[in-house]
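For reference, the chains in residue letters:
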Amino acid sequence: MKPGRNDPCPCGSGKKYKQCCLQVQETQQTEDFLWHQIRRAINGLPEKLLKFSQNHWDQHAFLEAWGDFTLWGEEEFSPDTPHMQLFMPWFFFNWHPDYSIPNTPRKRTTGEAFLVKHGRQLDPLLKRYIEQCCTTPFSFFDIVSVRPGDGFMLCDILTGEECYATEHSGSMQAEAGQIVFGKLVKVDHVAILEANAPIFLPPINKIVILELRKELCAQENPPSQTLLKKYTHEMLAIYHQVYERLHNPPTPSLRNTDGDPMVFQKLVYDIQSPQAAFTALKQLCIDSIDDELLEDAEFNAAGELHRIEFPWLKKGNAKHKSRNNTILGHIRIREHQLTAEVNSDKRAQQFQKLIKKLLPEARYKTSVIESPQAMLAHMQNEGESTQTRQRRENQEELNNRPEVQEGIMAFLREHYRQWPHEKLPALNGKTPLQTVKTKDGREKVEALLRDFELRNADSNLPVDQSIFDELRERLGLRKL
């Protein structure tokens, strides 16, 4: 049964219904009504503005605008571009021919020219909406909270202003901590994303946005709409860089634990005797005894060593101090052939020197060299081999064991306990503990942590949230 206005509120707040949830419901109904009015008023607006722009500008203007929007990158305009929902509002309400030419008289945008010519005949609500589109700058917005299917609470990173934006479809995929790049248009108490990027920016990208805020606030604090509009190109540069990095990530520079570029090599030698080769090279597998190495070896009918393989090790690990040794390569002996698999030119040269010293009778035959990129391409073309699939399944089975998961979590907990003391490039060489001492610094560290948490949610082996809660407490940051 519906409560009366003076009844206690069903939410348990202790207030009367009319002073609590009834007010929220009535406000929501009013906002929904205005939102639907705005949506009806602006229905068909993009088509009208595009048609108007074709008469207002010359035939080259659209491609010139596209060049300005992409900062004159190599991407050619296509109607299928994923940037369309961001570009068209920018073209209508922000761009004019002298957009990128400093110290020139400002000409009207398409939207402003449309208002001059047709403003008197427009629906008053539509006119107000277009006016707001023309004056409102683009910006970056933190998603503070989400109501899926309805909208989200946004905080303008550059100005600090908070606002609830009604966004029915976009809020279905949004998560708190992500960043929206776009134009938030307000009509009375309703805010709508007139323009928004096709992706939500990961939280880690807030760090570069905060650097832009620092530059803006040195001129005006908080930055005005006029100042923000002057920095649209800087905002577009950040957006395009993030988009390119997410959709076309650069090939990583892979290095081994010695810091050398990874190049997989298989060195092949002819040998006279498997036993003589093993006797000469077994010392490369440090701290191992013969019985252990020979456990999986194969022998011929006469009891002579026929086949064996073992790792090439050295003591210590330059990258991981807790490890006792480093695997430098893998040695295989089969009948009268010896192969050594290593992952860098330096290790290949080192092995060649060692075998000349330890097994001078071995005759070098050839080397098979393959880059990590070539190996990856080969694996993608050939598909997963039976051996690779078996290794993967074995690894998955191992990872699912409770004792293994417990060990991994213990390792991660210790890693994150040490993380506040590490000097990070993202924090300009400072530690998180040093960085949180300032307002901007706290926001940067918070962005890094939120990025960890969102990526962790998509992980095959998610980290216990208590680890992040403990880290937040250590840094004096609010728990989620």
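Structural notes, computed from the coordinates. This one's a predicted model, so the numbers in the text were calculated from it and none came from an experiment. (Residues numbered from 1 in each chain as written. Predicted model: local features only at pLDDT ≥ 70, side-chain atom pairs only at ≥ 80, totals over all residues. Heavy atoms only, no water.)

## Regarding the overall build of the chain
Secondary structure summary: the chain contains 18 helices and 11 strands in total. Per-residue burial over the chain gives 40% buried out of 480 residues. Restricting to contacts in the chain with at least 6 residues of sequence separation, those with at least 24 account for 59%. A total accessible area of about 28,100 Å² is found for the chain, and carbon and sulfur atoms account for 50% of it. (Helix = DSSP H or I, 4+ residues; strand = E, 2+ residues; numbered from the N terminus. Buried < 20%, exposed > 50% of the residue type's maximum accessible area, 1.4 Å probe, protein only. Contact = heavy atoms within 4.5 Å. Areas by Shrake-Rupley, 256 points an atom, 1.4 Å probe, with all protein chains shown as cover.)

## Let's talk about a negative patch on the surface
Together, Asp291, Glu292, Glu295 and Asp296 make up a negatively charged patch on the protein surface. Its place among the elements puts aspartate 291 in helix H11 (residues 290-293). (Patch = residues over 30% accessible without salt bridge, like charges linked within 9 Å, V, L, I, M, F, W, Y side chains within 5 Å. Salt bridge = Lys/Arg side-chain N within 4 Å of Asp/Glu carboxyl O. Lys, Arg positive; Asp, Glu negative; His and termini not counted. Charge placed at Lys NZ, Arg CZ, Asp CG, Glu CD.)

## Quick look at the sheet that holds strand S10 (residues 337-342)
The strand order across the open sheet formed by 6 strands is S7-S8-S9-S10-S6-S11, and the pairing between neighbours is antiparallel. Only two strands of the sheet have a single partner each, and these edge strands are strand S7 (298-299) and strand S11 (363-370). Of the pairings in the sheet, the one linking strand S8 (residues 305-315) to strand S9 (residues 325-334) comprises 9 bridges and is antiparallel in character. Bridged to proline 311 within S9 is histidine 330. Those strands touched by helix H10 (residues 274-281) are S8, S9 and S10, and its axis lies near 15° from that of S8. Relative to strand S6 (residues 264-270), helix H12 (residues 345-358) is tilted by about 20°, and along the sheet it contacts S6, S8, S9, S10 and S11. (Pairing = 2+ DSSP bridges. Axes fitted to C-alpha atoms, helices over the stretch in contact; angles between N-to-C directions.)

## With respect to the environment of leucine 227
Here leucine 227 shows up in helix H8 (residues 225-230). Here the alpha-carbon distance between leucine 227 and proline 137, two residues 90 residues apart in the chain, equals 8.9 Å. Discounting chain neighbours no more than four positions away, the residues touching leucine 227 are Leu216, Gln219 and Glu220.

## Structural notes on the pattern of salt bridges
Considering all chains together, one arrives at 22 salt bridges under this definition. Close ionic contact of arginine 363 with aspartate 270 constitutes a salt bridge, the shortest N to O distance being 2.8 Å. Residue arginine 363 is found in strand S11, and its partner aspartate 270 is found in strand S6; the two are separated by 93 residues along the sequence. What makes arginine 363 exposed here is its relative accessible area of 52%. Where glutamate 453 meets arginine 450, a salt bridge forms, and the shortest distance between an N and an O atom there is 3.4 Å. Separated by 3 residues within a single helix, glutamate 453 and arginine 450 lie in helix H17 (residues 439-457), roughly one turn from each other. Residue glutamate 453 shares its accessibility class with arginine 450, and that shared class is buried. Each of the salt bridges in this network shares a partner with another, and the network as a whole consists of Asp142, Lys206, Arg213, Lys439, Asp440 and Glu443.

## A short note on the sheet that holds strand S1 (residues 139-147)
Note on sheets: strands pair through backbone hydrogen bonds, and any given pair is parallel or antiparallel. A barrel is described by the order of its strands in space; here 5 strands give the closed sequence S1-S2-S3-S5-S4, paired in mixed fashion. Going across the sheet, the axis of each strand differs from the next one's by a mean of 55°, ignoring polarity. Where strand S4 (residues 179-187) meets strand S5 (residues 190-196), 6 bridges bridge the pair, whose relative direction is antiparallel. Among the inter-strand pairings, glycine 182 is bridged to a residue of S5, identified as asparagine 196. Sheet contacts for helix H4 (residues 84-93): S4 and S5; angle to S5, the most-contacted strand, approximately 105°.

## Concerning the state of the cysteines
The full count for this structure, using the stated rule, is 0 disulfides. Free cysteine: cysteine 134, not disulfide-bonded; nearest cysteine sulfur from cysteine 133 at 6.8 Å. (Disulfide = S-S within 2.5 Å.)

## Notes on the environment of leucine 449
Its place among the elements puts leucine 449 in helix H17. With a relative accessible area of 0%, leucine 449 lands in the buried category. When the C-alpha atoms of leucine 449 and phenylalanine 468 are compared, they prove to be 7.7 Å apart, with 19 residues separating the residues in sequence. Other than its neighbours up to four places away in sequence, leucine 449 contacts Trp419, Leu471, Arg472, Leu475 and Leu477.

## Thoughts on the pairing of S9
Here S9 pairs with S10 via 6 bridges, running antiparallel. Residue pairing across strands places glycine 329 opposite valine 342, the latter belonging to S10. Taking the residues that link successive antiparallel strands as the turn, the S9-S10 hairpin has 2 residues, and the phi of glutamate 335 there is positive, at about 50°.

Read these as layout, nothing more, since geometry by itself doesn't imply function.
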